[in-house]
Amino acid sequence: MPRGRYSLHDPHDHTPVLLEHFHCAPGPSGWRYVSETTTPAGAHAGSVDLTIDEHGRPIRLELHAGPWQIRGAALDGVTWVRTDPTGTHATEGNVDAHAFGGASPAFLVATARLLRLTPDSPAKRVRLVTFTDPVLAPRTVDQSWALVNSEAHATDNGPLIVDEYQVNALDTGEQQTVHLAGDVVVAAPGIELEDLAEPPSAFR
């Protein structure tokens, strides 16, 4: 079961934003990722709890950021409930989308699992509903993902396969490069893997 810590920063000026302490593992239903986020000063900031099925579809999502909360799942596209800071009102949303997105590295792993790209396959388009910090406001985005390279790196536990994805935002044309090793993000814009206690899990 991989567990460790990511640092999240502004991809443009590299200002530290959050630390994300995580653990994740494949299981009978698919894959689950759980994390707690803190500010650089150590104050609690929120949490992520995401479970996807064996096909990469979100079967349970719970996000917290300060007083805001999201609960969602794949239902008629994706459906979610966003609870306001007072807890007395809630708004429901539904979009014809494939999955959820957000700042957490969990969503990059989940999207790659959903698309199941190979180096020979063409780029695939995916629609995501992302929730923006710090108020978890929903936003629908369209992306194109392509697996451009896979490399084996020697480790004490045997070869580690690192996949390189090119991710394009279809509304702005912005391109990003994401490196994944199993269910761990090795590197991505705004994300740095600072500590990893166990090797990544390989999806079957």
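Definitions and cut-offs
Residues numbered from 1 in each chain as written. Predicted model: local features only at pLDDT ≥ 70, side-chain atom pairs only at ≥ 80, totals over all residues. Heavy atoms only, no water. Salt bridge = Lys/Arg side-chain N within 4 Å of Asp/Glu carboxyl O. Helix = DSSP H or I, 4+ residues; strand = E, 2+ residues; numbered from the N terminus. Buried < 20%, exposed > 50% of the residue type's maximum accessible area, 1.4 Å probe, protein only. Core = buried A, V, L, I, M, F, W, Y, C linked by side-chain atoms within 4.5 Å. Contact = heavy atoms within 4.5 Å. Pairing = 2+ DSSP bridges.

You'll find the protein entered in an unreviewed UniProt entry as Glycolipid-binding domain-containing protein, with Streptomyces montanisoli given as the organism.

**Focus: the pattern of salt bridges**
Counted according to the given criterion, the structure contains nine salt bridges. Here aspartate 49 makes a salt bridge to arginine 32, at a shortest N to O gap of 2.6 Å. In this pair, aspartate 49 is assigned in strand S4 (residues 44-52) and arginine 32 in strand S3 (residues 30-38), connecting sequence segments 17 residues apart. The exposure class assigned to aspartate 49 is buried, which follows from its relative accessible area of 12%. Through salt bridges with shared partners, a single network forms among Arg32, Asp49, Arg60, Glu62 and Arg71.

**Overview of the nonpolar core**
Of all hydrophobic cores here, the largest spans 47 residues; its most connected members are Phe131, Trp145 and Tyr165. Residue contributions to this core peak at eight residues, all from helix H1 (residues 105-115). Those residues in contact with phenylalanine 131 that lie beyond four places of it in its chain are Leu61, Leu63, Ile70, Trp80, Phe100, Gly101, Gly102, Leu136, Ala137 and Pro138.

**Digging into H1**
Structural remark: α-helix, 3.6 residues per turn; residues separated by three or four positions point the same way. Counting buried positions along H1 yields 11 of 11 residues, so the element is predominantly enclosed. Listed as buried for H1 are Pro105, Ala106, Phe107, Leu108, Val109, Ala110, Thr111, Ala112, Arg113, Leu114 and Leu115. Just beyond H1, the residue with positive phi is arginine 116, at close to 50°.

**A look at unusual backbone geometry**
Residues aspartate 133 and proline 134 are joined by a peptide bond in cis, for which omega reads 5°. As for its position among the elements, proline 134 is in the loop between strand S10 (124-132) and strand S11 (137-153). Of note in the backbone geometry, histidine 14 takes a positive phi value of approximately 65° without being a glycine. The topology assignment puts histidine 14 in the loop between strand S1 (3-9) and strand S2 (16-27). A residue is classified by how much of its surface remains accessible, and histidine 14, at 54% relative accessible area, is exposed.

**Things to note about the environment of leucine 117**
Along the polypeptide, leucine 117 turns up in the loop between H1 and S10. Taking the C-alpha atoms as reference, leucine 117 lies 9.2 Å from tyrosine 165; in sequence the two are 48 residues apart. What leucine 117 contacts, discounting residues up to four positions off in sequence, is Pro122, Lys124, Trp145, Ala146, Leu147 and Tyr165.

**Some remarks on the side chain of histidine 9**
In this fold, histidine 9 is placed in strand S1. Looking at histidine 9, the relative accessible area reads 18%, which means it is buried. When neighbours within four sequence positions are excluded, histidine 9 is seen to be in contact with His14, Thr15, Pro16, Val17, Gly190, Ile191 and Glu192.

**Looking at the pairing of strand S13 (residues 175-181)**
Here strand S12 (residues 160-169) pairs with S13 via six bridges, running antiparallel. Across the sheet, residue tyrosine 165 finds its bridge partner in S13, namely valine 178. Taking the residues between adjacent antiparallel strands as the criterion, S12 and S13 are bridged by five residues, where glycine 173 takes a positive phi near 80°. Note that S13 and strand S14 (residues 184-188) share three bridges and pair antiparallel. Looking across to S14, one finds that leucine 180 is bridged to valine 185. The hairpin turn running from S13 into S14, its antiparallel successor, is two residues long, and glycine 182 in that turn takes a positive phi close to 60°.

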